[in-house]
Amino acid sequence: MMGKISSNTLRILVLLAVFAATVLFFASQIDGYLNARLFNRISGSVAVIALIAVGQAFVVLTRNIDLSIGSVVGCTAYFTGGILIAYPDLPPILVPLLAMAIGALFGAVNGFFVARFQLPSIIVTLATLAIFRSILVQSSDGSSITTEKLPVWLTSFATQNAFTVGDLQMRWIVVISVLVVLTAHVFLTRFRAGRRFFAIGSNPDAAAFAGINAGRTIFLAFVISGALAGLAGFMFLARFGNITVVAGLGLELKSVGAVVVGGVKIFGGSGNVLGVLIGAALIDLIDTSLVRWEVVSEFWREAVLGLLILTAVVLDTVLIRRLLDRRRRKAATLAEERAS
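None of the values given here were measured: they were computed from a predicted structure.

Caption draft 1: Examining the pairing of strand E1 (residues 161-165) more closely. Judged from the four bridges that link them, E1 and strand E2 (residues 168-171) form a sheet pairing that is antiparallel. Each residue of the ladder has a partner; that of Val-165, found in E2, is Leu-168. As consecutive antiparallel partners, E1 and E2 are separated by two residues, and within that stretch Gly-166 has a phi angle of approximately 65°, a positive value.

Structure below.
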């Protein structure tokens, strides 16, 4: 039975088991842990992280990484808020599209340098992380976006429920985020254009031989990452209202963590965005729970997250090596049987 389960499905099952074990562990350590308020708080935060993590997954699938994604979220949230203050009568449907366009523009800058000049993405996005943040600091002139200056429809959007189940509130931002994840999953697994991202990361030479334009695909991956970071910036603005120049700081680490923990191979070519969604939920669950767990000080929260990422990379590497060794042994056995 286990042999019939694909590696991606097995990873998702393991992630769900780890998520359940994490909930049970913290429930045994923190009084009044399991309640509807925990779900409502974490689901809203995961809605933002899942979007940037899925965008990050597109980039990682092509053997690249986007470290500027937190700065893109901050810039988009601030600039979108500034536009709404200047033009409060903008149709609400246009605002998230505008935020995605702003984010896509930032992503296109990253994609241009990585795809056109074949520069290491870690260097390019490390530089643009600082550049984009500096642009935000300079353009803001030290001022902040505040809730009272924003339209009422925006500040109330983050708390509007699509439906409720008892005390559990399923907000629209969560529904939208899940729909984006499902759309990305279908695109990557069911469409030829989506499978190109896997092909580039799995074997660039074979992909080029098959006629896949690597530069165009990598550029598109960064544009998608930027666009989803822009949508996350819109949700960030709706959730918090008060946006400063440090908005989105540290989200790049959470996005990478969600991608790696979710089972996307850090060297590209393999992964599942459904696992990324669970990885995002797991990371936010741990991060939120550590705040309430008095045993661990707040100074160790980032260290725990880093350890989680390192553990996921090690386990993924060991798992891949074992699968490859098993396939080699199986192929050698079949060759011997045929020879005899």
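The structure having been displayed, the exposition proceeds.
Caption draft 2: Expanded view of the nonpolar core. With 93 residues, the main nonpolar core has Val-54, Phe-58, Phe-234, Leu-237 and Ile-243 as its most contacted residues. Counting residues per element, this core draws most heavily on helix H2 (residues 36-61), which supplies 16 residues. Val-54 has contacts with Val-181, Ala-184, Leu-228, Val-273 and Val-276, leaving out every residue within four places of it along the chain.

Caption draft 3: Representation of the packing of aromatic side chains. Per the stated rule, a full pass over the model turns up 15 aromatic pairs. Joined through ring pairs, the aromatic side chains of Phe-25, Phe-26, Tyr-33 and Trp-293 make up one cluster. Here Arg-116 stacks its cationic end above the ring of Phe-117, 5.6 Å away from the centre of that ring.

Caption draft 4: Just the pattern of salt bridges, in detail. Evaluation of the coordinates by the stated rule reveals one salt bridge. For the salt bridge of Lys-254 with Asp-287, the shortest nitrogen-to-oxygen distance reads 2.8 Å. With Lys-254 in helix H11 (residues 251-261) and Asp-287 in helix H12 (residues 273-292), this residue pair connects regions lying 33 residues apart in the sequence. Residue classification places Lys-254 among the buried positions, given a relative accessible area of 16%. On the accessibility criterion, Asp-287 (13% relative accessible area) is buried.

Caption draft 5: The arrangement of the layout of surface pockets in detail. Of the voids in this model, the second largest pocket is the one considered here, and its volume is about 620 Å³. Lining the second largest pocket are 25 residues, and of these Val-18, Val-261, Leu-282, Leu-308 and Leu-315 sit closest to its centre. Of all elements in the fold, only helix H1 (7-29), H11, H12 and helix H13 (301-339) reach the threshold of two or more residues within the lining of the second largest pocket. Of the residues in the lining of the second largest pocket, the class split is 19 nonpolar, four polar and two charged.

Caption draft 6: Spotlight on the packing of H2 against H11. Contact geometry for H2 and H11: axes closest at 8 Å, N-to-C directions at 65°. When the interaxial angle is binned, H2 and H11 end up roughly perpendicular. Remark: the crossing between H2 and H11 carries right-handed chirality. Only Leu-251, Glu-252, Lys-254, Ser-255, Val-256, Ala-258 and Val-259 of H11 make contact with H2, whose side of the interface consists of Ile-49, Ile-52, Ala-53, Gln-56, Ala-57 and Val-60. Here the contact of H2 with H11 is built from residues that sort into nine nonpolar, two polar and two charged.

Caption draft 7: Spatial organisation of helix H4 (residues 94-117). Taking 1.5 Å of rise per residue, the 24 residues of H4 would be expected to cover 34 Å, and the 34 Å separating its terminal C-alpha atoms lies within 8% of that figure. When the local axis directions of H4 are compared, the greatest deviation, roughly 25°, occurs at Gly-111. With its phi angle positive at about 55°, Gln-118 sits one or two positions after the end of H4.

Caption draft 8: Representation of the environment of Asn-35 within the structure. Here Asn-35 shows up in the loop between H1 and H2. The class of Asn-35 is partly exposed, set by a relative accessible area of 30%. Residues Asn-35 and Leu-168 lie 133 residues apart in sequence; the distance between their C-alpha atoms is 8.9 Å. Here the side chain of Asn-35 touches Leu-38 through a polar contact of 2.9 Å, landing on its backbone nitrogen.

Here is what the cut-offs are and how they apply
Residues numbered from 1 in each chain as written. Predicted model: local features only at pLDDT ≥ 70, side-chain atom pairs only at ≥ 80, totals over all residues. Heavy atoms only, no water. Pairing = 2+ DSSP bridges. Helix = DSSP H or I, 4+ residues; strand = E, 2+ residues; numbered from the N terminus. Core = buried A, V, L, I, M, F, W, Y, C linked by side-chain atoms within 4.5 Å. Buried < 20%, exposed > 50% of the residue type's maximum accessible area, 1.4 Å probe, protein only. Contact = heavy atoms within 4.5 Å. Phe/Tyr/Trp six-rings, centres within 6.5 Å; stacked < 30°, edge-to-face > 60°. Lys NZ or Arg CZ within 6 Å of the ring centre and 35° of its normal. Salt bridge = Lys/Arg side-chain N within 4 Å of Asp/Glu carboxyl O. 1 Å grid on protein atoms, 1.4 Å probe; cavity = no way out; pocket = protein on both sides within 12 Å on 5 of 7 lines; lining within 4 Å. Points joined across faces, edges and corners; volume = space filled by probe spheres on them. Nonpolar A, V, L, I, M, F, W, Y, C, P; charged D, E, K, R; others polar. Axes fitted to C-alpha atoms, helices over the stretch in contact; angles between N-to-C directions. Parallel < 35°, antiparallel > 145°, perpendicular 65-115°, else oblique. Left-handed = near helix turned anticlockwise from the far one by under 90°. Expected span 1.5 Å × (residues − 1). Bend = angle between axes of the 7 residues up to and from the residue. Polar contact = N/O pair within 3.5 Å; in protein donor to acceptor, adjacent residues only side chain to side chain.

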